[in-house]
Amino acid sequence: MLSEVPVPGPVTRPPAVRRTSDAATRARRYLAAIPPPEIGHGSDTATLYAACRLVRGFALPEAEAVALLADWAGGRPGWDRDWIARKVAAARKYGTEPI
């Protein structure tokens with residue numbers, strides 16, 4: 001009599017875990033290491049560049065990137081969360097750094 005050989009089931013992998021908190025910590029350190037944007041001295045470009053690093057380089061969700069950028073920018077006049085969110089959305093859409 002042949003003994004039945006168990007047939008293995010499909011191989012399943014656990015879902016990938018995003019370590020957003022690790023990325024957010026590194027992103028926060030990155031922002032602390034670069035000068036804050038100065039209005040009248042390329043602040044739009046600096047903010048867009050920083051947003052690209054956060055959403056593309058660090059792969060942060062947009063909401064988290066907006067919160068970090070708002071802290072980094074220091075609440076300058078005219079820099080509300082909507083303005084920063086537009087920069088982050090542009091960084092996600094038009095940035096050239098690989099995600």
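Above this text is the structure in question.
In short, a report on the structure. (Residues numbered from 1 in each chain as written. Predicted model: local features only at pLDDT ≥ 70, side-chain atom pairs only at ≥ 80, totals over all residues. Heavy atoms only, no water.)

**Quick word on the nonpolar core**
Line of reasoning, step 1. Ranked by internal contacts, the top residues of the largest apolar core, which has 24 residues, are Leu31, Leu54, Leu60, Leu69, Ile84 and Val88.
Line of reasoning, step 2. Elements supplying a minimum of two residues to this core: α1 (20-33), α2 (43-57), α3 (62-73) and α4 (81-94).
Line of reasoning, step 3. Filtering out sequence-adjacent residues up to four positions away, Ile84 remains in contact with Val66, Leu69, Ala70 and Trp79. (Core = buried A, V, L, I, M, F, W, Y, C linked by side-chain atoms within 4.5 Å. Buried < 20%, exposed > 50% of the residue type's maximum accessible area, 1.4 Å probe, protein only. Helix = DSSP H or I, 4+ residues; strand = E, 2+ residues; numbered from the N terminus. Contact = heavy atoms within 4.5 Å.)

**Remarks on the packing of aromatic side chains**
Line of reasoning, step 1. If you walk through the whole model with that rule in mind, you get two aromatic pairs.
Line of reasoning, step 2. Measuring from centroid to centroid gives 5.9 Å for Tyr30 and Phe58, while their planes differ by 50°, and the two rings are tilted. Of this pair, Tyr30 sits in helix α1 while Phe58 sits in the loop between α2 and α3, and the two are 28 residues apart along the sequence. Here the two residues Tyr30 and Phe58 agree in accessibility, since each one is buried.
Line of reasoning, step 3. Pairing Trp79 with Trp83 gives two aromatic rings, centres 4.6 Å apart and planes at 35°, and the pair type is tilted.
Line of reasoning, step 4. What makes Trp79 buried here is its relative accessible area of 10%.
Line of reasoning, step 5. On the basis of relative accessibility, which here comes to 15%, the residue Trp83 falls in the buried class.
Line of reasoning, step 6. Above the ring of Tyr30, the side-chain terminus of Arg53 is found at 5.5 Å from the ring centroid. (Phe/Tyr/Trp six-rings, centres within 6.5 Å; stacked < 30°, edge-to-face > 60°. Lys NZ or Arg CZ within 6 Å of the ring centre and 35° of its normal.)

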